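# Structural description and commentary
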Amino acid sequence: MTPPAGSLLSAEQLRKAYGPTAALDGAEFSIHPGEVVAVMGPSGSGKSTLLHCLAGIVTPDSGTITYNGHELSAMSDSQRSALRRSDFGFVFQFGQLVPELTCVENVALPLRLNGGSRKEAERAALTWMERLEVDDLRKKRPSEVSGGQGQRVAVARSLVTNPRVLFADEPTGALDSLNGERVMELLTDAARSTNAAVVLVTHEARVAAYSDREVVVRDGKSRDMERAV
Ligand SMILES: Nc1ncnc2c1ncn2[C@@H]1O[C@H](COP(=O)(O)OP(=O)(O)OP(=O)(O)O)[C@@H](O)[C@H]1O
Ligand SMILES: [Mg+2]
């Protein structure tokens, strides 16, 4: 099967079982550069499994995933992890900042891991922290900032390498609605300004409202949903 024309990342007929549980049962997905797609569906329906497969973290039992013309399953583990570092960004429900590092060191970390100098990495980190309105927190440690601030630091860290795809799994799941909306506003503005595609897993309609398109996953199967306006 060929991926849809113009798609940056696509998946066809994904299946993944954990023992007797079919986490994915023929899921399809496709996203264009610059597009924000919300992946919705009830708990246990396979949203995170789909995201992990698309990001090359989990290997599906069958089906194909094509990124930028390359099939993920044809790559070695080390090629896939190099791709994750160079082309993908990640934000999870609980920011997963490194507690021992300051906020600016956390944001700079992906660049440092890619071999960047401390000075250059922290300069780029601060630019992103300004855009996410957390540059005043640069010297604080994650335990000294609020949940919403921490998530904005995590979003800055996910974007600092200029990823082509940002994977966000319930990025506002631990925040109140006001903080959640601000994080979504800043995340989608920042991603759109760099033409990054965003795979946004959420079960909240108000979070999905920031997307261009919604995909619903049920029992490991996905389908496009027309936005109800
Ligand atoms: N590592 C694993 N080992 C065993 N079963 C798993 C594993 N990961 C997921 N599952 C099972 O696969 C199914 C899909 O899980 P998944 O985490 O993708 O759901 P989800 O839609 O992200 O749910 P939630 O909204 O609760 O995060 C569930 O039945 C889950 O229990
Ligand atoms: Mg999940």
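Residues numbered from 1 in each chain as written. Chains lettered and ligands numbered in written order. Predicted model: local features only at pLDDT ≥ 70, side-chain atom pairs only at ≥ 80, totals over all residues. Heavy atoms only, no water.

For the protein, the name recorded in an unreviewed UniProt entry is ABC transporter ATP-binding protein, with Streptomyces olivaceus as its organism.

## Topic: unusual backbone geometry
In this structure, N162 is a non-glycine residue whose phi angle is positive, near 55°. Owing to a relative accessible area of 47%, N162 belongs among the partly exposed residues under this scheme. (Buried < 20%, exposed > 50% of the residue type's maximum accessible area, 1.4 Å probe, protein only.)

## Side note on the domain arrangement of the protein
Looking at the protein, the domain boundaries give domain 1 (1–87 + 165–172 + 194–229) and domain 2 (94–162). Computed from C-alpha coordinates alone, the two centres of domain 1 and domain 2 are separated by 26 Å. Surface buried jointly by domain 1 and domain 2 totals about 520 Å² across both partners, of which 51% is contributed by carbon and sulfur atoms. Taken as a group, R85, L166 and T194 account for 68% of the area that domain 1 buries against domain 2, more than any other trio of residues on that side. (Domains from an automatic or database assignment. Buried area = accessible area lost by both parts, 1.4 Å probe.)

## Observations concerning the nonpolar core
V107, W128, M129, L132, V155, V198 and L200 are the most contacted members of the largest nonpolar core, which has 39 residues in total. For this core, the elements supplying multiple residues, two or more each, are strand 3 (36–40), helix 3 (103–113), helix 4 (118–131), helix 5 (147–159), strand 7 (165–169), helix 6 (177–193), strand 8 (197–201) and helix 7 (205–208). Here the element with the most residues in this core is helix 6; it accounts for six residues. Taken together, domain 1 (1–87 + 165–172 + 194–229) and domain 2 (94–162) each give at least three residues to this core, which thus spans both. Apart from residues lying up to four places away in sequence, V155 is in contact with V91, L132, V183 and L187. (Core = buried A, V, L, I, M, F, W, Y, C linked by side-chain atoms within 4.5 Å. Helix = DSSP H or I, 4+ residues; strand = E, 2+ residues; numbered from the N terminus. Contact = heavy atoms within 4.5 Å.)

## Focus: the pattern of salt bridges
Enumeration over the complete set of coordinates arrives at 13 salt bridges. Ionic pairing is found between R80 and D77, a salt bridge with its closest N-O pair at 2.6 Å. Highlighted residues: R80 and D77, both in helix 2 (residues 77–87), separated by three residues, approximately one helical turn. Take R80: its relative accessible area is 11%, and that puts it in the buried class. Across the pair R206 and E204 runs a salt bridge, and its minimum N-O distance is 2.6 Å. Through salt bridges with shared partners, a single ionic network connects R15, D25 and K221. (Salt bridge = Lys/Arg side-chain N within 4 Å of Asp/Glu carboxyl O.)

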